[in-house]
Amino acid sequence: MPDAKTKCKVGLIGTGFMGRAHAFGFTNACRVFDLPIEAELHSVADINAANAEALARAFGFAKHTADWTDIITDADVDIVSITAPNALHKEMALAAIAAGKHVYCEKPLAPLATDAEEMADAAEAARIKTQVGFNYLCNPMLKLARDMITDGALGEIRGYRGLHAEDFMASPEGTATFRIDPKGGGALADLGSHALATAEFLLGSISDVMGDLATHHSTRTDAKGNVHKIQTDDIGRAFLRFENGASGSIEGNWIATGRKMQHDFEVYGAKGALSFSQERFNELHFFTFDDPSGRQGFRKIEAAPEHAPYGLFCPAPGHQLGFNDLKAIEVAGYVSAINGDAPEPFNFRAGLRIQTLVERIQQSARQGTWLRV
Ligand code: NAD
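Residues numbered from 1 in each chain as written. Predicted model: local features only at pLDDT ≥ 70, side-chain atom pairs only at ≥ 80, totals over all residues. Heavy atoms only, no water.

A. Molecular detail of the packing of helix 7 (residues 187-203) against helix 10 (residues 348-367). Contact geometry of helix 7 with helix 10 gives a least axis separation of 9 Å together with a crossing angle of 115°. The crossing of helix 7 and helix 10 is right-handed. Residues Leu 188, Ala 189, Ser 193, Leu 196, Ala 197 and Glu 200 of helix 7 touch helix 10, and the partners they reach there are Arg 353, Ile 354, Leu 357, Val 358, Ile 361 and Gln 362. Among the residues making up the contact of helix 7 with helix 10, the classes are represented as eight nonpolar, two polar and two charged. (Axes fitted to C-alpha atoms, helices over the stretch in contact; angles between N-to-C directions. Helix = DSSP H or I, 4+ residues; strand = E, 2+ residues; numbered from the N terminus. Left-handed = near helix turned anticlockwise from the far one by under 90°. Contact = heavy atoms within 4.5 Å. Nonpolar A, V, L, I, M, F, W, Y, C, P; charged D, E, K, R; others polar.)

B. Representation of the domain arrangement of the protein in the model. Taken as a whole, the protein is organised into domain 1 (6-134) and domain 2 (140-280 + 282-316). Here the C-alpha centre of domain 2 lies 26 Å away from the C-alpha centre of domain 1. On the side of domain 2, 12 residues touch domain 1, which itself brings 12 residues to the contact. In total, about 1,000 Å² of surface goes out of reach between domain 1 and domain 2, with carbon and sulfur atoms giving 71% of it. Per-residue buried area on domain 1 facing domain 2 is highest for Val 32, Lys 107 and Phe 134; these three make up 40% of the total on that side. For the pair domain 1 and domain 2, the interface holds one salt bridge. Ionic pairing is found between Lys 107 and Asp 190, a salt bridge with its closest N-O pair at 3.1 Å. Seen at the junction of domain 1 and domain 2, the total is one residue pair in polar contact (both at pLDDT 80 or more). (Domains from an automatic or database assignment. Buried area = accessible area lost by both parts, 1.4 Å probe. Salt bridge = Lys/Arg side-chain N within 4 Å of Asp/Glu carboxyl O. Polar contact = N/O pair within 3.5 Å; in protein donor to acceptor, adjacent residues only side chain to side chain.)

C. Seen up close, the sheet that holds strand 15 (residues 283-288). One open sheet holds the nine strands; their spatial order is 16-15-14-13-7-12-11-8-17, and the pairing between them is mixed. Because the sheet does not close on itself, it has two edges, and the strands there are strand 16 (299-302) and strand 17 (371-372). As defined by bridge partners, strand 11 (residues 235-242) adjoins strand 12 (residues 247-253) across seven bridges and the pair is classed as antiparallel. Residue Arg 237 lies in a different strand from strand 12, and its bridge partner there is Glu 251. With respect to the sheet, helix 6 (residues 140-151) is in contact with strand 7 (157-165), strand 13 (262-269), strand 14 (272-276), strand 15 and strand 16, its orientation differing from that of strand 15 by roughly 20°. In the packing of helix 10 onto the sheet, contacts are made with strand 8 (206-214), strand 11 and strand 17, and the angle to strand 8 comes to roughly 60°. (Pairing = 2+ DSSP bridges.)

D. Examining unusual backbone geometry more closely. Cis geometry marks the peptide bond from Lys 107 to Pro 108, where omega comes out at -15°. Here Pro 108 shows up in the loop between strand 5 (102-106) and helix 5 (113-126). With phi around 80°, Gln 320 is a residue other than glycine that occupies positive phi space. Here Gln 320 shows up in the loop between helix 8 (310-313) and helix 9 (323-338). The class of Gln 320 is partly exposed, set by a relative accessible area of 46%. (Buried < 20%, exposed > 50% of the residue type's maximum accessible area, 1.4 Å probe, protein only.)

E. Quick look at the environment of Val 103. Within the secondary structure layout, Val 103 lies in strand 5. What makes Val 103 buried here is its relative accessible area of 0%. Note: C-alpha distance between Val 103 and Asp 78 (25 residues apart in sequence) is 8.8 Å. Those residues in contact with Val 103 that lie beyond four places of it in its chain are Val 80, Ile 82, Ala 93, Ala 96, Ile 97, Ile 128, Lys 129, Thr 130, Gln 131, Tyr 334 and Phe 348.

F. Inspection of helix 9 at higher detail. Taking 1.5 Å per residue as the helical rise, helix 9 with its 16 residues ought to reach 22 Å, and the 23 Å between its terminal C-alpha atoms agrees with that figure. In terms of residue burial, helix 9 counts as a mostly covered element, since 13 of its 16 residues are buried. Looking one or two residues past helix 9, Gly 340 carries a phi angle of roughly 85°, positive in sign. (Expected span 1.5 Å × (residues − 1).)

G. Expanded view of empty space enclosed by the protein. All chains considered together, the criterion is met by one cavity of 30 Å³ or more. Looking at the largest cavity, its volume works out to about 30 Å³. As for the largest cavity, its lining consists of Asn 86, Pro 108, Arg 179, Gly 184, Gly 185, Gly 186, Ala 189 and Asp 190. The residue inventory of the lining of the largest cavity, partitioned by class, reads two nonpolar, four polar and two charged. (1 Å grid on protein atoms, 1.4 Å probe; cavity = no way out; pocket = protein on both sides within 12 Å on 5 of 7 lines; lining within 4 Å. Points joined across faces, edges and corners; volume = space filled by probe spheres on them.)

H. Structural context of the pairing of strand 15. Of all six residues that make up strand 15, five are buried, and the element is covered over most of its length. Between strand 14 and strand 15, which pair antiparallel and follow one another directly, the connecting turn spans six residues. Bridge analysis of strand 15 against strand 16 gives four bridges, and the strand direction is antiparallel. Looking at the pairing, His 285 lines up with Lys 300 of strand 16.

I. Quick look at the site of the ligand. With respect to spatial proximity, 27 residues lie near the ligand, and among them Met 18, Asp 46, Asn 86, Lys 107 and Asn 135 are the closest. Interatomic distance of 2.8 Å between a backbone N/O atom of Met 18 and an oxygen atom of the ligand. Contacts to the ligand include Gly 133, whose backbone N or O atom sits 3.1 Å from a nitrogen atom. Notes on the ligand: free accessible area 840 Å², of which the protein chains cover 84%. Mapped by element, the contributors of at least two residues to the shell around the ligand are helix 1 (17-32), helix 4 (89-98) and helix 7. (Near = heavy atom within 4 Å. Areas by Shrake-Rupley, 256 points an atom, 1.4 Å probe, with all protein chains shown as cover.)

In C-alpha cells, the structure reads:
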C-alpha cells in the first residue's frame, strides 16, 4: 500500500452556483490529478441552513452550518473557499487569514481595489496561499493560445479583441442581486474582469485604458418585487494599449440578448491570428499567412491529450472538457501551490491587479479620457 497522502480539510462558504462549482472542483481534482495532498470536503456554511445541509449531504461534507464563522473557528479546516456575494469576501478572507488558513476566493476579489490590496497584504504577511476564481484561464486551449503567441506563430502582435457577454441581466425583473451593489457591482466588474484577466494572460500587461460605461435599466426589482435604483453599468467597454505595443478592446456585457457564455477573444499578429469562443471552448482557431494563397482560412484545433491536462480527463481528442473541469484544474494548481510544488496560479495580488484595471476603466469613463494604469 502506498503511504496515505497528507489530508487538507476544506471549509466552503456559500452553496450557490460557485459553491457547487468549488465542491465539484475539489472532488474531481483529487481524483483526476495525482496531487500531493488529498483535499477533503470537511464543512460547508450557508446563511440558508437547508442549502448548507443539502450540499453537505450531496457532496459528503462532514459538517454543515448557517454561520460562516464556524468554518473560521474550526481548527480542523485548512483551506477556506469563499463563494459568498462580493461584499462579504473581505471580512471572510481576513478572518480566515488571521486564523492561519489558506484562502480560495471567488472573483472579483473585493468590491474595491483598496479592499483587495488589504487582503493581498494580509495574505502575504501571514504567508498563507491564496487563489482567486478566474477559471477560464485554466482552459488548456488558452495556454495553447498563449504558447503560440509567445512562440511567434502569429508574428508581432498588433491587435486584441476580448469580451465576456451573457444575457442573465437582460430583464429588469428579479435581477436586483448583489451584482448591482453600487460599491463594486456592474457588468464591467462582474464579467469584464474575466475579459481583462484573459487579455493580460495572453498579451501581458495593459498600460493604458479608455473606458465607456452604459446603463440601460435605471431600476431593477429583486426577488421580492422591491424596486432598486441602479447606479452600475450594464455594459462596460474599454479601449486598451498593451506594454508590448498592441492595441485592443474588451467588453463586459450582461444584457447581451441571446448570449449565454461568450467569453471570446481574437488576436491579430503580423503573420497569423487566433480566434476563440467560450461557447465552443474546446476549440482554438488559427489563421496563418504561411498557408498557400487560395487555401488560407482559420483552421480548427480541437482539444486533445496533447493539451495538458486534457488527457487526465479523457484519452481521446475532441471529446471535450466541461465548465466544472476548469474548476478542477484551478483547484489542482492551487493545491500544488499549497504543497510548495508550484507558484500560486492566480493569487490575491493577481486579483488586486484585475480590480485595479476595472477601477481605472471606470475612472476613465467618468473623466472621458485615456488613463495610464
Ligand atoms: P449565488 O447567489 O448563486 O450564491 C451565493 C451563496 O452565498 C448563496 O448560497 C447564499 O445563500 C450564500 N450567502 C449569502 N450570504 C451569506 C453569508 N452571510 N454566509 C454564508 N453564505 C452566504 O452566487 P454565485 O453566482 O455563486 O456567486 C458567488 C461569487 O462567485 C461571487 O463573488 C461571483 O462574482 C462569483 N462567481 C464567479 C464565477 C466564475 O466563473 N468564477 C461565476 C459566477 C459567480
